[in-house]
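Below are the chains, spelled out letter by letter.
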Amino acid sequence: MRTSFRSIPPPSAAARNAPDRLAVASAIGLRLVREAVWYRGQCSWIGLDSAATYRRERPRPAHRSLGPALADGTAGMAWCLAQLHAAGGDAEVRRTALGAIGQALTHADELPPGGLYGGRLGVAYAAARCGVLLGDERLTAQAARLARARLSPTREFDLFTGSAGTIAALLALARLLADERLLAVAMRPADELVAAARRSSDGWSWPPPGSPAQHGLCGLAHGAAGAAWALLELFAVTGDARHREAAERALDYERRWFDPEQANWPDLRGVRRIERRGSFRSEAGAASWTQGAPGIALSRLRAWEILGDERYRDEATVALRTTEAHVERALLAPHAGFGLGEGLAGCADVLLLGAALLPSGADLAVRVGDVGSGRHGASLDGWPGAMPGARTPALLNGDAGIGHLYLRLHDPSVPSALLVGTPPA
C-alpha cells in the first residue's frame, strides 16, 4: 500500500523544543489586522501591484489596494485569517477575516469567471473555507452561488485563470460544499483543456496564450504539471480514462525537458519552439512553487499516489532533493524572499507535503521556519517578499502566506494553499 504524501512524520525533538510557531503566525496575523483599511464593514490592504511592478524595464515596487483574488487579494487574506482564528485567534482576527471575504465577494465579478488563484472560483473557494472555519453558513451559501454561476470558455489553461484552475477549484468546492453537481460542471473545462493540447511524440503541452511560437511551459502554476495535476484529480473522482491519458502525456512532455545536470526543469518563458534543448540557457536553479522542481514535485507526488507508477515516485524524489538543495543555499542569503509562491515558505510547504517520501524535508522545513522567525519575526520592515522593498500582505508572495506556513508548521493538518482541494489523508 502506498503511503499518502500528506501523512507528515512527527517533528524531531529539536523541532518540538523550538519557539512557538503558532505565536509567530499570530504575530503576523495581528499585524495584518492592524494594517487593514476599512470601509462600510469591509476591508482591504495596500500591497504590491505585480503587473505595474514587472511591466517596467527595470522593475521597481508599485503598490495599490488589493483586489479580490485568492493569490494576491483579499480572498487569500480572508482564508489565512480565518485559519488563524480557528487555531486560536481572537475576535478581531475573525472580524477582519469576515471583512476581507466580504470585500472579495463584493468585487468577485472584476475577475475572470474561471481559474483558481486569479479567478472568481478562487474567491468562491476562499468563501467556502471561511464559512466552514468561522461557522458562517451565509458564506458557504454565497460560495455555492458563485461556484454554480455560468462559466465561459477560456483560452487560458493554467492554475490562475485557466481551465486547470477551474477544474481544481470545482473539485475542491464539490468536497467543501458536498455538491456532486460541481463534478459534472468540471467536465467541460477538462474537455476544453484536453482539446487545446499541443500534441507531439514528446508529449502534450499548452503554449502560453497568444504565443503559439513559444514552447509550452514546465511547472505547476503555469505549465504542463498544473494541467496534469488538475486532470489527475478529476480522473481520481470520475475514472474517465481520457483525463488520465492527457495528464500522463503532459508529464511525458516535462520529462523530455528534465536537465539531469541541474536535476531540474527549465524555465521556458520566452523560449521559441525553433530553439531546441541545448540551444539556449534557462535560468539556472529556478526552484519555487511557481517554476521548477518544488511545484513539479507536488504534481509527481500526486501522480504516484493516484496511479501507483513508480516513475512518478522517482521523479518526485529527485524534485524534492533539488528543493532541499535550493533551500540550503537560500538560507545562507540573509535577505532571501520568504513568500509561498516564489520564496522559502513555498519550498518549506512543499517539503512538508513530501515528507512521507523524503523525511529529511520535514526537519528542513522546520529549520526554514526557525531561521525566518529569528531573522524577521521582530522586524519593523516585515518579511522580505519576491523582490527587495516589495513587502506585500497577500497570500502567495506576502505576509499572509508566510503566516499560513507557520500554522502548518504548528499543525500539519492545516490544508496547504499550494495543492488546493486534494482530499484529506
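The rules behind the values
Residues numbered from 1 in each chain as written. Predicted model: local features only at pLDDT ≥ 70, side-chain atom pairs only at ≥ 80, totals over all residues. Heavy atoms only, no water. Helix = DSSP H or I, 4+ residues; strand = E, 2+ residues; numbered from the N terminus. Buried < 20%, exposed > 50% of the residue type's maximum accessible area, 1.4 Å probe, protein only. Areas by Shrake-Rupley, 256 points an atom, 1.4 Å probe, with all protein chains shown as cover. Phe/Tyr/Trp six-rings, centres within 6.5 Å; stacked < 30°, edge-to-face > 60°. Lys NZ or Arg CZ within 6 Å of the ring centre and 35° of its normal. Polar contact = N/O pair within 3.5 Å; in protein donor to acceptor, adjacent residues only side chain to side chain. Contact = heavy atoms within 4.5 Å. Salt bridge = Lys/Arg side-chain N within 4 Å of Asp/Glu carboxyl O. pLDDT = per-residue confidence, 0-100. Core = buried A, V, L, I, M, F, W, Y, C linked by side-chain atoms within 4.5 Å. Expected span 1.5 Å × (residues − 1). Axes fitted to C-alpha atoms, helices over the stretch in contact; angles between N-to-C directions. Parallel < 35°, antiparallel > 145°, perpendicular 65-115°, else oblique. Left-handed = near helix turned anticlockwise from the far one by under 90°. Nonpolar A, V, L, I, M, F, W, Y, C, P; charged D, E, K, R; others polar.

When its secondary structure is counted, the protein shows 16 helices and 6 strands. The buried share of the protein, reckoned over its 425 residues, is 59%. Total accessible area on the protein stands at roughly 17,100 Å², and carbon and sulfur atoms take up 52% of it.

We now examine the packing of aromatic side chains. All chains considered together, the criterion is met by 8 aromatic pairs. On the numbers, 4.8 Å between centres and 55 degrees between planes, the contact of Phe258 with Trp265 is tilted. Residue class for Phe258 comes out partly exposed when judged on its relative accessible area of 22%. Relative to Trp383, the ring of Phe338 lies with its centre 5.5 Å away and its plane at 70 degrees, an arrangement referred to as edge-to-face. Of this pair, Phe338 sits in the loop between helix 13 (310–330) and helix 14 (344–353) while Trp383 sits in the loop between helix 15 (360–376) and helix 16 (399–410), placing them 45 residues apart in sequence. Each member of the pair, Phe338 together with Trp383, is buried. Counting every residue linked through ring pairs, the aromatic cluster contains Tyr117, Phe160 and Trp289. If you follow Arg95 out to its NZ or CZ, it ends over the ring of Trp38, 4.0 Å from the centre.

Turning to the side chain of Thr96, a few remarks are in order. Here Thr96 is to be found in helix 5 (residues 91–106). Exposure remark for Thr96: the relative accessible area of 0% places this residue in the buried category. A polar atom in the side chain of Thr96 sits 2.8 Å from the backbone oxygen of Glu92. Residue contacts for Thr96: discarding those within four places in its chain leaves Val33, Ala36, Trp38, Cys43, Trp45 and Leu81.

Evaluation of the coordinates by the stated rule reveals 28 salt bridges. In this structure, Arg249 engages Asp252 in a salt bridge whose closest nitrogen and oxygen atoms are separated by 2.8 Å. You can see Arg249 and its partner Asp252 sitting in helix 11 (residues 241–257), 3 residues apart, about one turn around the helix. On the basis of relative accessible area, Asp252 is assigned to the buried category, the value being 17%. Residue Glu328 pairs with Arg367 through a salt bridge whose shortest N-O separation is 2.7 Å. Here Glu328, found in helix 13, pairs with Arg367, found in helix 15; they are 39 residues apart in sequence, far enough to count as distant. You can call Arg367 partly exposed: its relative accessible area is 36%. Each of Arg249, Asp252, Glu254, Arg255, Arg300 and Glu315 takes part in one network of salt bridges that share partners.

With 89% of its residues at a pLDDT of 70 or more, the protein has an overall mean of 90. Predicted confidence is poor over residues 6–18, with pLDDT under 50, and the contacts of this stretch with residues over four places away or in other chains come to 20 contacts.

The next subject is the nonpolar core. If you look at the biggest cluster of nonpolar residues, it comprises 138 residues, and the most contacted ones within it are Trp45, Ile101, Tyr117, Leu173, Trp289, Leu298 and Leu396. Once residues within four sequence positions are removed from consideration, Leu298 is found in contact with Leu220, Trp289, Val350, Leu353, Leu418 and Leu419.

Here the focus is the side chain of Thr322. Checked against the element boundaries, Thr322 lands in helix 13. Since its relative accessible area comes to 11%, Thr322 is described here as buried. Contact partners of Thr322, with chain neighbours within four places excluded, come to Gln262, Ala263, Asn264 and Ala293.

This part covers helix 11. Compared with an ideal rise of 1.5 Å per residue, which puts 17 residues at 24 Å, helix 11 spans 25 Å between its outermost C-alpha atoms and is within 8% of the ideal. Burial in helix 11 covers these residues: His243, Ala246, Ala247, Glu248, Ala250, Leu251, Asp252, Tyr253, Glu254 and Trp257. Where helix 11 is buried, its residues contact helix 9 (181–195), strand 6 (203–205), helix 10 (224–238), helix 12 (293–307) and helix 13.

Each pair of packed helices gets described by two things: the angle between the helix axes and the distance between those axes. Contact geometry for helix 6 (residues 120–134) and helix 8 (residues 163–177): axes closest at 9 Å, N-to-C directions at 25 degrees. Regarding the angle of helix 6 to helix 8, the classification is roughly parallel. Pair helix 6 / helix 8 crosses with left-handed handedness. Side by side, helix 6 and helix 8 meet where Leu121, Ala124, Tyr125, Ala128, Arg129 and Val132 of the first sit next to Thr166, Ala169, Leu170, Ala172, Leu173, Leu176 and Leu177 of the second. Residue classes in the contact of helix 6 with helix 8 are distributed as 11 nonpolar, 1 polar and 1 charged.

Here we come to the packing of helix 10 against helix 11. Where helix 10 contacts helix 11, the axes come no closer than 8 Å and their chain directions differ by 155 degrees. Accordingly, the angle class assigned to the pair helix 10 and helix 11 is roughly antiparallel. As for how helix 10 packs across helix 11, the hand of that crossing is left-handed. Contacts between helix 10 and helix 11 involve Ala224, Ala225, Ala228, Leu231, Leu232, Leu234, Phe235 and Thr238 from the first element and Ala241, His243, Arg244, Ala246, Ala247, Ala250, Leu251, Tyr253 and Glu254 from the second. Here the contact of helix 10 with helix 11 is composed, by residue class, of 13 nonpolar, 2 polar and 2 charged.

One non-glycine residue, Ala178, lies in the positive phi region at around 50 degrees. Mapped onto the elements, Ala178 comes out in the loop between helix 8 and helix 9.

Here the focus is the environment of Ala36. Position of Ala36 relative to the elements: it lies in the loop between helix 2 (21–35) and strand 1 (37–39). With relative accessibility at 12%, the residue Ala36 sits in the buried group. Contacts of Ala36, omitting those with residues within four sequence positions, involve Cys43, Ser44, Trp45 and Thr96.

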